[in-house]
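Working through the structure, step by step
The chain contents come next:
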Amino acid sequence: MKDDTLRKVSLSRDLQHALDNREFILEYQPVVDLNSTQIVGAEALLRWQHPQKGKIYPNDFIPLAEDNNLILPLGEWVLETVLDNFQGEAHPALNDLKISINLSGQQLGDDHHFRNISNQIKISKIDPARIQLEITETSIFENVGQTTHELKRLESLGVKLAIDDFGTGYSSLSYMEQFPNDAIKIDIPFIKRIKHRKIHLPILKGIISIAHEMGLDVIAEGVETQAQVDYLQDQGCNLMQGYYFYKPVSLSELIETIEAQ
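Cut-offs used in this document
Residues numbered from 1 in each chain as written. Predicted model: local features only at pLDDT ≥ 70, side-chain atom pairs only at ≥ 80, totals over all residues. Heavy atoms only, no water. Buried < 20%, exposed > 50% of the residue type's maximum accessible area, 1.4 Å probe, protein only. Helix = DSSP H or I, 4+ residues; strand = E, 2+ residues; numbered from the N terminus. Pairing = 2+ DSSP bridges. Core = buried A, V, L, I, M, F, W, Y, C linked by side-chain atoms within 4.5 Å. Contact = heavy atoms within 4.5 Å. Expected span 1.5 Å × (residues − 1). Arc of directions from axis to C-beta. Axes fitted to C-alpha atoms, helices over the stretch in contact; angles between N-to-C directions. Parallel < 35°, antiparallel > 145°, perpendicular 65-115°, else oblique. Left-handed = near helix turned anticlockwise from the far one by under 90°. Nonpolar A, V, L, I, M, F, W, Y, C, P; charged D, E, K, R; others polar.

When you tally the buried positions in strand β5 (residues 131-136), you get 5 out of 6 residues, the bulk of the element. Of the strand pairs in this sheet, β5 and strand β6 (residues 160-166) are connected by 5 bridges, and their pairing is parallel. From the neighbouring strand, Q132 faces β6, where its bridge partner is K160.

The next point concerns the nonpolar core. Within the largest apolar cluster, 78 residues are counted, with the highest numbers of intra-cluster contacts made by F24 and L154. By residue number, the principal contributor to this core is helix α3 (residues 71-85), which donates 7 residues. Apart from the residues lying within four places of it in its own chain, the contact partners of L154 are L103, L108, F114, I117, L133, V159 and L161. With 5 residues, the next largest nonpolar core counts V31, A162, A183 and I219 among its residues.

This next bit is on helix α10 (residues 202-213). Its 12 residues give α10 an end-to-end C-alpha distance of 16 Å, which sits within 8% of 16 Å, the value for a rise of 1.5 Å per residue. Where α10 is concerned, the buried positions are L204, I207, I208 and A211. The arc that holds the buried residues of α10, viewed along the axis, is 90°, so those residues lie on one side. Here the buried face of α10 lies against β6, β7 (183-186), α9 (188-192), β8 (217-221) and α11 (226-234). Positive backbone phi, at 80°, marks G215, one or two positions downstream of α10.

This part covers the packing of α3 against helix α5 (residues 111-124). Two numbers describe how α3 lies on α5: the axes approach to 10 Å, and their chain directions differ by 15°. If you check the angle between α3 and α5, you find them roughly parallel. Considering how the two elements wind past one another, α3 and α5 form a crossing that is right-handed. Between α3 and α5, the residues in contact are G75, E76, L79, E80 and L83 and H112, H113, N116, I117, Q120, I121 and S124, respectively. Its residues assigned to classes, the contact of α3 with α5 comprises 4 nonpolar, 6 polar and 2 charged.

With respect to the secondary-structure elements, I121 resides in helix α5. Overall, I121 belongs to the buried group, its relative accessible area being 9%. When the C-alpha positions of I121 and L79 are compared, they lie 9.4 Å apart, and in sequence the two are 42 residues distant. Beyond its immediate chain neighbours, meaning those up to four positions away, I121 contacts L83, I126, P128, I131 and V159.

Structural data, given as structure tokens:
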């Protein structure tokens with residue numbers, strides 16, 4: 001526990017320096033549509049390339065960034081970098097790709113961040129319908145009234161909205177109809193329960209069915225096995241991402257992957 005505490009203190013101290021010195025990088029994990037067998041989207045994933053500790057993943061530093069009030073400038077950097085990478089005529093291979101960007105709860109309720117999203121979309125000249133902003137289920141249900149207001153503001157920009165980590169424990173289907181929402185991303189623990197094609201998972205089956213009845217896209221994340229692919233296809237879920245298909249890659253590798261498919 002002492003070692004873990006010291007590590008967190010060290011990382012907290014390094015965070016501002018990392019932001020100032022551009023030590024953060026982005027990787028992109030493709031989203032595949034099995035109906036067309038094509039890559040139709042990519043989720044932007046933040047990494048910290050620490051000069052001494054190497055690559056650090058979000059679970060280890062995002063909570064620290066939130067505690068140290070650095071999540072907003074970090075979120076702005078992510079947004080600006082992603083939209084710059086995919087701007088107007090960035091590369092023919094990227095022209096039709098949907099871009100997923102994660103938002104924290106703090107970003108969701110921040111007026112400056114909302115204005116920045118609006119401005120960056122205009123500067124990049126990207127069709128806002130290609131941008132999918134993902135908000136975790138836990139963030140959404142912390143304050144339902146405020147969240148609904150903020151999601152409607154984002155919807156007015158023309159972007160798509162997705163609930164990430166759906167099924168974590170706070171989901172209430174009665175609220176789902178109130179939120180402006182275009183997609184849900186099924187939480188990874190649900191996917192890990194799929195051991196074979198004929199397994200009986202009524203909750204997962206119900207989530208997929210109800211979401212489709214509501215006209216929502218359903219994206220399965222963390223797909224790693226053929227059995228998971230087969231089960232999800234049987235249930236009508238054809239949008240997937242995970243190591244079974246592709247690991248997160250750099251922008252140049254993403255372009256090469258799309259061109260080779």
